[in-house]
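So you can see what is in the structure, the chains are spelled out below.
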Amino acid sequence: MTVLVTGGAGYIGSHTCVELLNAGHDIVVIDNFSNSHPEALKRVKEITGKTFHTYSIDILDEDGLARIFTEHEITAVIHFAGLKAVGESVSEPLWYYSNNVIGTILLCEVMKRNGVKNLVFSSSATVYGEPDTVPIPENSLLKTTNPYGRTKYMIEEILRDIHFADPEWSIALLRYFNPIGAHESGKIGEAPQGTPNNLLPYISQVAVGKLGELKVYGDDYQTHDGTGVRDYIHVIDLSLGHVKALEKVKSSKGVHTYNLGTGRGYSVLEMVKAFEKASGREISYTILGRRPGDIPVCFADTSKAFEELGWRAEREINKMCEDTWRWQRRNPEGYTSIETEKQTSLEKEPTKFFVTHKQEKVLNE
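Each value, and the rule that gives it
Residues numbered from 1 in each chain as written. Predicted model: local features only at pLDDT ≥ 70, side-chain atom pairs only at ≥ 80, totals over all residues. Heavy atoms only, no water. Helix = DSSP H or I, 4+ residues; strand = E, 2+ residues; numbered from the N terminus. Rg over C-alpha atoms; globule rule 2.2 N^0.38 Å. Buried < 20%, exposed > 50% of the residue type's maximum accessible area, 1.4 Å probe, protein only. Contact = heavy atoms within 4.5 Å. Areas by Shrake-Rupley, 256 points an atom, 1.4 Å probe, with all protein chains shown as cover. Lys, Arg positive; Asp, Glu negative; His and termini not counted. Charge placed at Lys NZ, Arg CZ, Asp CG, Glu CD. Axes fitted to C-alpha atoms, helices over the stretch in contact; angles between N-to-C directions. Parallel < 35°, antiparallel > 145°, perpendicular 65-115°, else oblique. Left-handed = near helix turned anticlockwise from the far one by under 90°. Nonpolar A, V, L, I, M, F, W, Y, C, P; charged D, E, K, R; others polar. Polar contact = N/O pair within 3.5 Å; in protein donor to acceptor, adjacent residues only side chain to side chain. Salt bridge = Lys/Arg side-chain N within 4 Å of Asp/Glu carboxyl O. Pairing = 2+ DSSP bridges. Expected span 1.5 Å × (residues − 1). Right-handed = clockwise from strand over helix to strand, strands pointing away.

## Details of the overall build of the protein chain
Reasoning step 1: Scanning the protein chain for helices and strands turns up 12 helices and 16 strands.
Reasoning step 2: A compact globule built from 365 residues should have a C-alpha radius of gyration of about 21 Å, and the protein chain, at 20 Å, falls within 12% of that.
Reasoning step 3: Each principal axis of the C-alpha distribution contributes one length, and for the protein chain these read about 55 × 50 × 40 Å.
Reasoning step 4: Burial status across the protein chain gives 53% buried among its 365 residues.
Reasoning step 5: The long-range fraction of contacts in the protein chain, counting pairs at least 24 apart against all pairs at least 6 apart in sequence, stands at 79%.
Reasoning step 6: Counting only carbon and sulfur atoms, one obtains 48% of the accessible surface of the protein chain, whose full area is about 15,900 Å².
Reasoning step 7: If the 40 positive side-chain charges of the protein chain are averaged to one point and the 49 negative ones to another, these points end up 2 Å apart.

Spelled out as structure tokens, the structure:
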């Protein structure tokens, strides 16, 4: 099976590329590298010993997308490409709706024209908003609280409508909880640009000395230590969930929705202690007031994914923190410290160029 992976150079995308290649699939990757780095894909090739085509294309470039389907026999798509910062979505809602929603519509139009109707979509637990009960099952009421979450909800509804109009479509909607960790090689991991939005990258940058201290927002929630509780899942377990979902859409028509989490919650301070143990470093933190929109507790009911996909998260919290620390320690500046090396390596590799929408696009082989 040849799988198009949109946003494949990103944190979850790059790890999923590794697992797809390990499972014997061929992949084609597109990414505009706005919040990712080409080096991640180079390292995917190093980890797996396999090669694949990479296109530098924006998800809004319909002509560029069409060209890929012309040049490759795509049989399925895993769709990661999209903007993902909750706070940024509040200040820039039009950007998020344009990129995430319209980009997905254009992708589906191109898929439809080329007879490709197998799709795995990267959704989010943000579609649940503040849940009425935990653990959260897939049939919970959807009530998003920010533009980012609403883009995920809207796309889910659009994909359901596409299947209703044409039952030949087979779609998996994967609602992630909180991905953390890194590949055990230490070669790929989460490399946020600027100050991290998520807890573990923030903690790890404090541990490596890049940031001074962690800001803990709220210690008066109705939890065992007063700090917010979330479901953290190792990115490798999450990636393996995508491989299982791909098998599902290949074998069964319909729209299938799955939570991907561990089914267990950890508080902010529990995560701090776990990372201190993994790194051997003390994590300084300051308690601040609650942030608007934060919820006390959120973790998944993962029984459906186990029953229908035969998937469950296997890696526990210590492993998540150990792998995160290995990545951070070996790559304190993420992928940016290898910019010169990357430019040198790209000069040695053959490239192809083509132009669409008056913008140059690059295909690295």
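The rest of the description comes next.
## Regarding the packing of helix α7 (residues 199-207) against helix α11 (residues 317-330)
Reasoning step 1: The geometry of α7 relative to α11 is characterised by a closest axis approach of 10 Å and an angle of 55° between their N-to-C directions. Considering the angle they form, α7 stands oblique to α11. Seen from above, α7 lies across α11 with right-handed handedness. Between α7 and α11, the residues in contact are Leu200, Pro201, Ser204, Gln205 and Ala207 and Cys321, Thr324, Trp325 and Gln328, respectively.
Reasoning step 2: For the contact of α7 with α11, the residue count by class is 5 nonpolar, 4 polar and no charged.

## Thoughts on the environment of Asp61
Reasoning step 1: One can find Asp61 in the loop between β3 (53-56) and α3 (62-71).
Reasoning step 2: On a C-alpha basis, the gap between Asp61 and Ser91 in space is 24 Å, while along the polypeptide they are 30 residues apart.
Reasoning step 3: Here Asp63 takes part through its backbone nitrogen, which lies 3.4 Å from a polar atom of the side chain of Asp61.

## A look at the pattern of salt bridges
Reasoning step 1: What the rule picks out here adds up to 17 salt bridges.
Reasoning step 2: Of the charged contacts, one joins Arg326 and Asp323 as a salt bridge, the two residues approaching to 2.6 Å between their closest N and O atoms. Of the two residues, Arg326 and Asp323 both sit in helix α11, 3 residues apart, roughly one turn of that helix.
Reasoning step 3: By relative accessible area, Asp323 is classed as buried at 1%.
Reasoning step 4: Through salt bridges with shared partners, one network takes in Glu156, Glu157, Arg160 and Arg175.

## What to know about the sheet that holds strand β9 (residues 229-230)
Reasoning step 1: Pairing within the open sheet is mixed, and its 3 strands lie in the order β12-β9-β14. In the strand order of this sheet, the two ends are held by β12 (266-267) and β14 (297-298), each with one partner.
Reasoning step 2: Note: β9 against β12, 2 bridges, orientation antiparallel. Within β12, the position partnered with Arg230 by the bridge is Tyr266.

## Things to note about helix α5 (residues 93-113)
Reasoning step 1: For α5, built from 21 residues, the straight-helix expectation of 30 Å at 1.5 Å per residue is met to within 8% by its first-to-last C-alpha distance of 30 Å.
Reasoning step 2: Of the residues making up α5, those classed as buried are Tyr96, Asn99, Asn100, Val101, Gly103, Thr104, Leu106, Leu107, Cys108, Val110 and Met111.
Reasoning step 3: Elements that come into contact with the buried residues of α5 comprise β1 (2-6), α3, β4 (76-79), α4 (86-91), β5 (118-124) and α6 (147-165).
Reasoning step 4: Gly115 occupies a position one or two residues after α5 and carries a positive phi of about 70°.

## A closer look at the pairing of strand β11 (residues 254-260)
Reasoning step 1: The element β11 is extensively covered by neighbouring structure, given that 6 of its 7 residues are classed as buried.
Reasoning step 2: Bridge analysis of strand β6 (residues 170-176) against β11 gives 7 bridges, and the strand direction is parallel. Considered in β11, the bridge of Tyr176 is made with Leu260.

## Focus: the pairing of β1
Reasoning step 1: When you tally the buried positions in β1, you get 5 out of 5 residues, the bulk of the element.
Reasoning step 2: Of the two faces of β1, the one carrying Thr2, Leu4 and Thr6 and the one carrying Val3 and Val5 are both buried.
Reasoning step 3: Direction of pairing for β1 relative to strand β2 (residues 26-31): parallel, over a ladder of 5 bridges. Each residue of the ladder has a partner; that of Val5, found in β2, is Val29.
Reasoning step 4: Handedness of the crossover joining β1 and β2 through helix α1 (residues 11-22): right-handed.
Reasoning step 5: As paired strands, β1 and β4 are joined by 4 bridges and run parallel to one another. Paired with Thr6 across the two strands is His79, which belongs to β4.

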